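# Tertiary structure, described
Chain by chain, the residues:
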There are 4 protein chains.
Amino acid sequence: MQVTADQADRAVKASIKKASELGISVCIAILDSGGHLKVFHRMDGAWLGVIDVAIKKAKTSALFEMETQIMDNYSKPGADAHGIDLSNGNLMTFAGGIPLKSADGKVIGSIGVSGGQVAQDYAVAQSGESALKA
Amino acid sequence: MQVTADQADRAVKASIKKASELGISVCIAILDSGGHLKVFHRMDGAWLGVIDVAIKKAKTSALFEMETQIMDNYSKPGADAHGIDLSNGNLMTFAGGIPLKSADGKVIGSIGVSGGQVAQDYAVAQSGESALKA
Amino acid sequence: MQVTADQADRAVKASIKKASELGISVCIAILDSGGHLKVFHRMDGAWLGVIDVAIKKAKTSALFEMETQIMDNYSKPGADAHGIDLSNGNLMTFAGGIPLKSADGKVIGSIGVSGGQVAQDYAVAQSGESALKA
Amino acid sequence: MQVTADQADRAVKASIKKASELGISVCIAILDSGGHLKVFHRMDGAWLGVIDVAIKKAKTSALFEMETQIMDNYSKPGADAHGIDLSNGNLMTFAGGIPLKSADGKVIGSIGVSGGQVAQDYAVAQSGESALKA
């Protein structure tokens, strides 16, 4: 079971709404549970550099089934799996990537957001994730 | 001047409508004129393999400012620039990629579609392009 | 609107002059605002290794619209976006990359310099940027 | 012994002059004999896609010490080394890449030109090469 186009569109729409309220321009990437691109949206005014960051955040959350900032506990200098962020063509290990789950708790994809301050990106990604459940 | 998020969304929506009428599931990629991802949509049921094809078609049309099948006249075996499709991380040289232009004829981005038969992909991309002008 | 060949040549010429005064051999890369190479110059005697550093500095400044050393505030260990330098095929986050702007403040490209000490690279890049305005 | 910055600049200047006479906009890449970028110039109006083509033509000529169209005799379907153009991150095997040689016939670098018709690219590259000897 994978995130559907309808679900992804709903997540993107909610994310754009939240980002607009925050007054920021972000990229939003929705991947399926295999890490393959499902839906992507770059708001006008977002930096070109955050296209890849949003996708990599979503990839990190899809491939390791956790929020990106959790991965940091394992990947940071001195931690058990220090440097694991250099795997898989590089991971992003700060907030903004969240796994998307079905009603029964299975990972069906992920969302990655980048473009604002990190706490803002996270709030936008949470909005997107919440919209999925609605 | 670059394709806006509104224009890109309109192009994607029109492409999905056309693909649905044709009974096919495609990926639609909209890039800006620099070849950077603006909006992407994978319809439910589309092969995973066509994600990259759609993006590469759009990239080909953005970087060379021409429809992808035109590039084939130059790139095919025996043609003047045979093998140019091995440049830029590989190009796609069959129909489905179209430059997007502003009212005054400037390239502002491109659309790439993949997932159906090639003639169908082209028809879907044309629908997307037309929606931009509406 | 993008940096022109004339502007790029002027920036490179001024950079070479400054580097010569400092007695160093550098690489100078000028990109457009989409991160695409416009003009590049490797002075005789520059290390081969700094070709990529100069280009990556310029890429960092084009894609994130900021001087490279500013990015370090966000990307360094412990900072909010720690590890963002692993995005976009790797960024450079020490001084020597500067966005190039039009008279009305729009980013039209970037300059990246590498080959001397970091403070020298930065001074050379500033010379290049100033020449653009002249 | 390697192509110097002065020689490279001279080759680029002559190439631009020739391209302007032909009414085309091209990219010109000068590499050293190790295939490392020395000088690059993108004329205003050149397609973004030909940046990589010019560099790959020059790379092909530097790494195999021959004009790019000669390589085609070996790389084309049915030829002895068919598919060798897929090595080295992909080669370009149509005209526009030429080795640069010292007075005593040693390869000191290469020039690659792309942006016009293939015969035009070749003529421009030849102008660049000739300027080196002047």
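Because the structure is a prediction, the values reported are computed rather than measured. (Residues numbered from 1 in each chain as written. Chains lettered and ligands numbered in written order. Predicted model: local features only at pLDDT ≥ 70, side-chain atom pairs only at ≥ 80, totals over all residues. Heavy atoms only, no water.)

### A closer look at the interface of chain B and chain A
In this assembly, 17 residues from chain B lie in contact with 17 residues from chain A. When chain B packs against chain A, close to 1,400 Å² is buried across both sides, 49% of that on carbon and sulfur atoms. Of all residues in chain B, B:Leu37, B:Lys38 and B:Arg42 give up the largest surface area on contact with chain A, accounting jointly for 37% of the area buried on that side. Counting across the chain B and chain A interface gives four salt bridges. Taken together, the connections running from chain B to chain A amount to 13 residue pairs in polar contact (both at pLDDT 80 or more). Sorting the residues of the side of chain B that touches chain A by element identifies helix H1 (5-22), strand S2 (37-42) and helix H2 (50-64) of chain B as the ones contributing at least two each. Ranked by the residues each element gives to the side of chain B that touches chain A, the list is headed by S2(B), at six residues. Grouping the amino acids of the side of chain B that touches chain A by side-chain chemistry returns nine nonpolar, three polar and five charged. Note: strand S2 (residues 37-42) of chain A against S2(B), three bridges, orientation antiparallel. (Contact = heavy atoms within 4.5 Å. Buried area = accessible area lost by both parts, 1.4 Å probe. Salt bridge = Lys/Arg side-chain N within 4 Å of Asp/Glu carboxyl O. Polar contact = N/O pair within 3.5 Å; in protein donor to acceptor, adjacent residues only side chain to side chain. Helix = DSSP H or I, 4+ residues; strand = E, 2+ residues; numbered from the N terminus. Nonpolar A, V, L, I, M, F, W, Y, C, P; charged D, E, K, R; others polar. Pairing = 2+ DSSP bridges.)

### Focus: the sheet that holds strand S4 (residues 107-114) of chain D
Spatially, eight strands are ordered S3(C)-S4(C)-S1(C)-S2(C)-S2(D)-S1(D)-S4(D)-S3(D) in an open sheet, and the strand pairing comes out antiparallel. The sheet is open, and its two edges are formed by strand S3 (97-101) of chain C together with strand S3 (97-101) of chain D, each paired on a single side. Sheet twist, expressed as the mean angle between neighbouring strand axes with direction ignored, is 20°. Examined bridge by bridge, strand S1 (residues 27-32) of chain D and strand S2 (residues 37-42) of chain D share five bridges and lie antiparallel to one another. Looking at the pairing, D:Ala29 lines up with D:Phe40 of S2(D). Lying over the sheet, helix H1 (residues 5-22) of chain D contacts strand S2 (37-42) of chain C together with S1, S2 and S4 of chain D, oriented at roughly 25° with respect to S2(D). (Axes fitted to C-alpha atoms, helices over the stretch in contact; angles between N-to-C directions.)

### Here's the deal with the relation of the copies chain B and chain D
At an RMSD of 0.1 Å, chain B and chain D line up after a rotation of 96° and a shift of 0.2 Å along the axis. The symmetry that links the two subunits is that of a four-fold axis. (Least-squares fit on C-alpha atoms with pLDDT ≥ 70 in both.)

### Remarks on the side chain of C:His82
You can see C:His82 is positioned in the loop between helix H3 (68-75) and S3. What makes C:His82 buried here is its relative accessible area of 15%. Setting aside anything within four residues of it in sequence, one finds C:His82 in contact with A:Asp72, A:Thr93, A:Phe94, C:Tyr74, C:Ser75, C:Lys76 and C:Pro77. (Buried < 20%, exposed > 50% of the residue type's maximum accessible area, 1.4 Å probe, protein only.)

### Observations concerning the pairing of strand S3 (residues 97-101) of chain B
Consecutive side chains along a regular strand alternate between the two faces of the sheet. Residues and elements named next belong to chain B. Of all the five residues making up S3, four are buried; the element is thus mostly covered by neighbouring parts of the structure. Sheet analysis places S3 next to strand S4 (residues 107-114), joined by five bridges and oriented antiparallel. Bridge pairing links Leu100 to Gly109 in S4.

### Observations concerning the packing of aromatic side chains
What describes a pair of aromatic rings is the distance from one ring centre to the other and the angle between the planes of the rings. For the structure on display, the rule yields two aromatic pairs over all chains. Here A:Trp47 and C:Phe64 contribute two aromatic rings whose centre-to-centre distance is 6.0 Å and whose plane-to-plane angle is 65°, an arrangement assigned as edge-to-face. Linking A:Trp47 in the loop between S2 and helix H2 (49-64) with C:Phe64 in helix H2 (residues 50-64), this pair reaches from one chain into another. A:Trp47 sits in the partly exposed class, given a relative accessible area of 31%. (Phe/Tyr/Trp six-rings, centres within 6.5 Å; stacked < 30°, edge-to-face > 60°.)

### Some thoughts on the interface of chain B and chain D
Listed by partner, the interface residues are 15 residues for chain B and 16 residues for chain D. Counting each side, the surface lost to burial between chain B and chain D is near 1,200 Å², with a carbon and sulfur contribution of 65%. Across the chain B-chain D interface, the total number found is zero salt bridges. Tallied by class, residues from the side of chain B that touches chain D come to six nonpolar, seven polar and two charged.

### Comments concerning the sheet that holds strand S1 (residues 27-32) of chain A
Overall, antiparallel pairing links the eight strands, which are arranged S3(A)-S4(A)-S1(A)-S2(A)-S2(B)-S1(B)-S4(B)-S3(B) in an open sheet. The open sheet is flanked by strand S3 (97-101) of chain A together with S3 of chain B, the only strands paired with a single partner. The sheet shows a mean angle of 20° between the axes of neighbouring strands, direction not considered. Across the sheet, helix H1 (residues 5-22) of chain A lies against S1, S2 and strand S4 (107-114) of chain A together with S2 of chain B, angled at about 25° from S2(A), the strand it touches most. Strand contacts of helix H4 (residues 118-133) of chain B: S3 and S4 of chain B, with the helix running at about 5° to S3(B), the strand carrying the most contacts.

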